[in-house]
Amino acid sequence: MTSSTAPQPSWLDEIPARLADIERAHLLRRRRVVEPAGGARLWVDGQPMLAFCSNDYLGLASHPDLAEAAREATHRFGVGAGGSPLVSGHSAANDALEHELAAYVQLPRALYFYAGYATNTGIIPALVGEGDALFSDALNHACLIDGARLSRATIHRYPHADLAALEAQLAASPARRKLVISDAVFSMDGDLIDIPALLALCERHDALLLLDDAHGFGVLGPEGRGSLAQAGLTGATASRRVLYMATLGKAAGVAGAFVAGDTALIEWLLQKTRTYIFATAAPPLLASALRQSLQLMAAADDRRAHLGRLIAQLRQGLATLPAQLGWHLLPSHTPVQALVIGSNEAALAVMESLRLQGLWVPAIRPPTVPVGTARLRIALSAAHTEADVDQLLVALERCAQHALTRAPG
Ligand SMILES: *Cc1c(COP(=O)(O)O)cnc(C)c1O
C-alpha cells in the first residue's frame, strides 16, 4: 500500500521450487549429448548405445550423398540464406526443391519451410481466424495444437480417431470456414488415420483438411510418397480440400518441412503465413541435401522392405511378454511402436534398466501423452539390423522378469 511495505518476493524466486516440483513428479527432462557411432548406434554422454529413439526412419541422415550435396551447395551458395524468402532468401536451391517436393508427393504446388513446428503454427492461423471453426484430433502433435490456439478460431477437440464424433461436431457447427487438422501417423502411438473417411467427412461439410504426415512421408506409400499417396489421393485423384504437410528432418534425414496442395491455397499461405514471411529462409545447403534425399527416398524400396521386416520382428517378439505385467503394445504398422507401461515412474524404470543394458529407448510421459499412459516409444529405422532388434527384445524380457519379481503379490 505504501512505499514502506516489505517488497513482495519476485515470482522469479519461485522458479527453483517449481523445477523441484517437476522433478518430484518424475517429469524433469534431461538432454543427453550425442554423437553418431555408426548404424543405429550413438555415443550418449560418452557411452556407446544402441538407439531406438531416432526418427531417421530410413537411415538416411548419415548418408554420404547427403553430406556431399550439402558440401557442394556450401561452396556454391554459402551457408546462410541471408533473408526471408519474400525478400532475398529464396535461393535457386530452395526453389528447385519446392518443385521436386510437389512432384514427389504428386500435388500441384509445395512451400518449403525451415521447420515443421513453424509450418503448423504458421499455416493454421493463415487459414482460419476468429469466427471460424477448427476440428482437432485429441492426440494431435503439439504444433498443430499450438497453431490452432494461435488462430483464435473456435477449437472442437474430438476423441482420437473418432470420426463419428467429428461428424457430429462438423454438422453442429454454424461456421462458414471449417478446418480439420490431424496427424496422418500419430507421433506417439504410431497408428494411421483413415484418410479417405476423413476426407469424405470434409467433402460433406465443406471443410478443408490439413494432414500432418511427419511420420509417414518417406516411409508409407509407393516410393515412400507418403500416407496420402498410399490412400490413392494424389496425382489425378488429388483433392483441392487437402493440405498435405510433412517434415524433412525425419525419414528425409535432413531438416525442415513443407506443405503441399492446391495452387491457390499454397499461394494464399505464401502471402499470409507469418512464420514464413517473418523468418529467415532455410539454408540452401539443406535444400540441396534434401534434393539428394528425395532421389534416395524414391529409390529406397529395399530400406522400406527391411524396415517392414524389423517392425514385424519386434511385434512378434513383444507379443510373448508376460500378460500379467499390464504392458500394452499399441496397434501400429509404422516404425513408431509404443509399449505402454502406465505410470511415469515405471516407464522411467524400464528406460533406465534398458540404458544399463546399453540400449536407449525413450520413456514418453505426460503432457506429451495422456496421464497414466507413460510408454516406451520404440522407433525403428532401416539403420537397425535384425540382431539389433533381437538385442532389444532380450533386454525387454529381462526388464519384464525383473518387474514381475518386484511386483507385490
Ligand atoms: C516432428 C513433428 C513436427 C515438427 O517438425 P520439426 O521439423 O521437427 O519442427 C510436426 N508434426 C509432427 C507430427 C511431428 O512429429
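Not measured: the values here are computed from a predicted model. (Residues numbered from 1 in each chain as written. Predicted model: local features only at pLDDT ≥ 70, side-chain atom pairs only at ≥ 80, totals over all residues. Heavy atoms only, no water.)

Examining the overall build of the protein
- A count of helices and strands for the protein gives 14 helices and 15 strands.
- By the compact-globule yardstick of 22 Å for 409 residues, the protein fits well, its C-alpha radius of gyration being 23 Å.
- Projected onto its principal axes, the C-alpha coordinates of the protein cover approximately 70 × 65 × 50 Å.
- The buried share of the protein, taken over its 409 residues, is 52%.
- Long-range contacts, defined as pairs at least 24 residues apart, comprise 71% of the intrachain contacts of the protein with a sequence gap of at least 6.
- The distance from the centre of the 34 positive side-chain charges to the centre of the 38 negative ones in the protein is 3 Å. (Helix = DSSP H or I, 4+ residues; strand = E, 2+ residues; numbered from the N terminus. Rg over C-alpha atoms; globule rule 2.2 N^0.38 Å. Buried < 20%, exposed > 50% of the residue type's maximum accessible area, 1.4 Å probe, protein only. Contact = heavy atoms within 4.5 Å. Lys, Arg positive; Asp, Glu negative; His and termini not counted. Charge placed at Lys NZ, Arg CZ, Asp CG, Glu CD.)

Side note on the sheet that holds strand β7 (residues 178-183)
- Taken in spatial order, the seven strands line up as β4-β10-β9-β8-β7-β5-β6 in an open sheet, and their pairing is mixed. Lying at the two open borders of the sheet, with one neighbouring strand each, are β4 (109-113) and β6 (154-158). Each neighbouring strand pair of the sheet contributes to a mean axis angle of 20°, computed without reference to strand direction.
- Alignment of β4 against strand β10 (residues 257-261), held across five bridges, turns out to be antiparallel. In the sheet register, Tyr112 faces β10, and the bridge partner there is Phe258.
- Seen against the sheet, helix α5 (residues 142-151) touches β5 (133-137), β6, β7 and β8 (207-212) and runs at an angle of roughly 160° to β7.
- Contacting β4, β8, β9 (242-247) and β10, helix α9 (residues 263-272) crosses the sheet at an angle of about 25° to β4. (Pairing = 2+ DSSP bridges. Axes fitted to C-alpha atoms, helices over the stretch in contact; angles between N-to-C directions.)

Some remarks on the packing of helix α12 (residues 301-318) against helix α14 (residues 386-406)
- Following both chains from N to C, one finds α12 and α14 inclined at 20°, their axes separated by 10 Å at the closest point. Classed by the angle they form, the pair α12 and α14 counts as roughly parallel. As for the relative orientation of α12 and α14, their crossing is right-handed in sense. Packed against α12, whose contacting residues are Arg309, Leu310, Gln313, Leu314, Gly317 and Leu318, the element α14 presents Glu386, Val389, Asp390, Leu392, Leu393 and Leu396 at the interface. (Parallel < 35°, antiparallel > 145°, perpendicular 65-115°, else oblique. Left-handed = near helix turned anticlockwise from the far one by under 90°.)

Observations concerning the site of the ligand
- Near the ligand there are 13 residues, and of these Gly116, Tyr117, Asp212, His215 and Lys250 occur at the shortest range.
- At 2.6 Å, a side-chain N or O of Asp212 approaches a nitrogen atom of the ligand.
- Here an oxygen atom of the ligand and a side-chain polar atom of His215 are 2.6 Å apart.
- For the ligand, the accessible surface in isolation is 380 Å², of which the surrounding protein chains cover 80%. (Near = heavy atom within 4 Å. Polar contact = N/O pair within 3.5 Å; in protein donor to acceptor, adjacent residues only side chain to side chain. Areas by Shrake-Rupley, 256 points an atom, 1.4 Å probe, with all protein chains shown as cover.)

Some points on the pattern of salt bridges
- Under the defined criterion, the tally for this structure stands at 16 salt bridges.
- Of the charged contacts in the structure, one is a salt bridge between Asp21 and Arg24, with a shortest N-O distance of 2.5 Å. In this pair, Asp21 and Arg24 both sit in helix α1 (residues 15-24), three residues apart, roughly one turn of the helix.
- A relative accessible area of 42% places Asp21 in the partly exposed class. (Salt bridge = Lys/Arg side-chain N within 4 Å of Asp/Glu carboxyl O.)

Topic: the packing of aromatic side chains
- Scanning the model with the defined rule gives four aromatic pairs in all.
- On the numbers, 6.1 Å between centres and 50° between planes, the contact of Tyr244 with Phe258 is tilted. Placement of the pair is Tyr244 in strand β9 and Phe258 in strand β10, with a sequence separation of 14 residues. Considered together, Tyr244 and Phe258 belong to a single accessibility category, that of buried residues. (Phe/Tyr/Trp six-rings, centres within 6.5 Å; stacked < 30°, edge-to-face > 60°.)

Regarding unusual backbone geometry
- Cis geometry marks the peptide bond from Pro366 to Pro367; its omega dihedral reads 10°.
- Tracing the backbone through its elements, the reader meets Pro367 in the loop between β14 (363-364) and β15 (374-379).
- At Asp206, a residue that is not glycine, the phi angle is positive and equals roughly 50°.
- Position of Asp206 among the secondary structure elements: in the loop between α7 (195-204) and β8.

Comments concerning a nonpolar patch on the surface
- The grouping of Trp11, Leu12, Ile15, Leu19 and Ile22 at the surface amounts to a nonpolar patch, some 490 Å² of accessible area in total.
- Locating Leu19 in the fold gives a position in helix α1. (Patch = residues over 30% accessible without salt bridge, like charges linked within 9 Å, V, L, I, M, F, W, Y side chains within 5 Å.)

Let's talk about the domain arrangement of the protein
- Domain assignment breaks the protein into domain 1 (28-58 + 301-406) and domain 2 (64-298).
- Between the C-alpha centres of domain 1 and domain 2 the distance comes to 28 Å.
- Contact with domain 1, which involves 21 residues of that partner, is made by 18 residues of domain 2.
- Between Arg375 and Asp189 there is a salt bridge, with its nearest N and O atoms 2.8 Å apart.
- Applying the counting rule to domain 1 against domain 2 returns nine residue pairs in polar contact (both at pLDDT 80 or more).
- At three residues, α12 tops the list of elements feeding residues into the side of domain 1 that touches domain 2.
- The class makeup of the residues in the side of domain 1 that touches domain 2 is 11 nonpolar, five polar and five charged. (Domains from an automatic or database assignment. Nonpolar A, V, L, I, M, F, W, Y, C, P; charged D, E, K, R; others polar.)

Observations concerning the state of the cysteines
- Across all of its chains, the model carries zero disulfides by this definition.
- Cys202 takes part in no disulfide bond, and the closest cysteine sulfur, belonging to Cys143, lies 19 Å away.
- For Cys202, a relative accessible area of 0% puts it in the buried group.
- Between Cys399, a cysteine without a disulfide, and Cys53, which holds the nearest cysteine sulfur, the sulfur-to-sulfur distance is 15 Å.
- A relative accessible area of 4% places Cys399 in the buried class. (Disulfide = S-S within 2.5 Å.)

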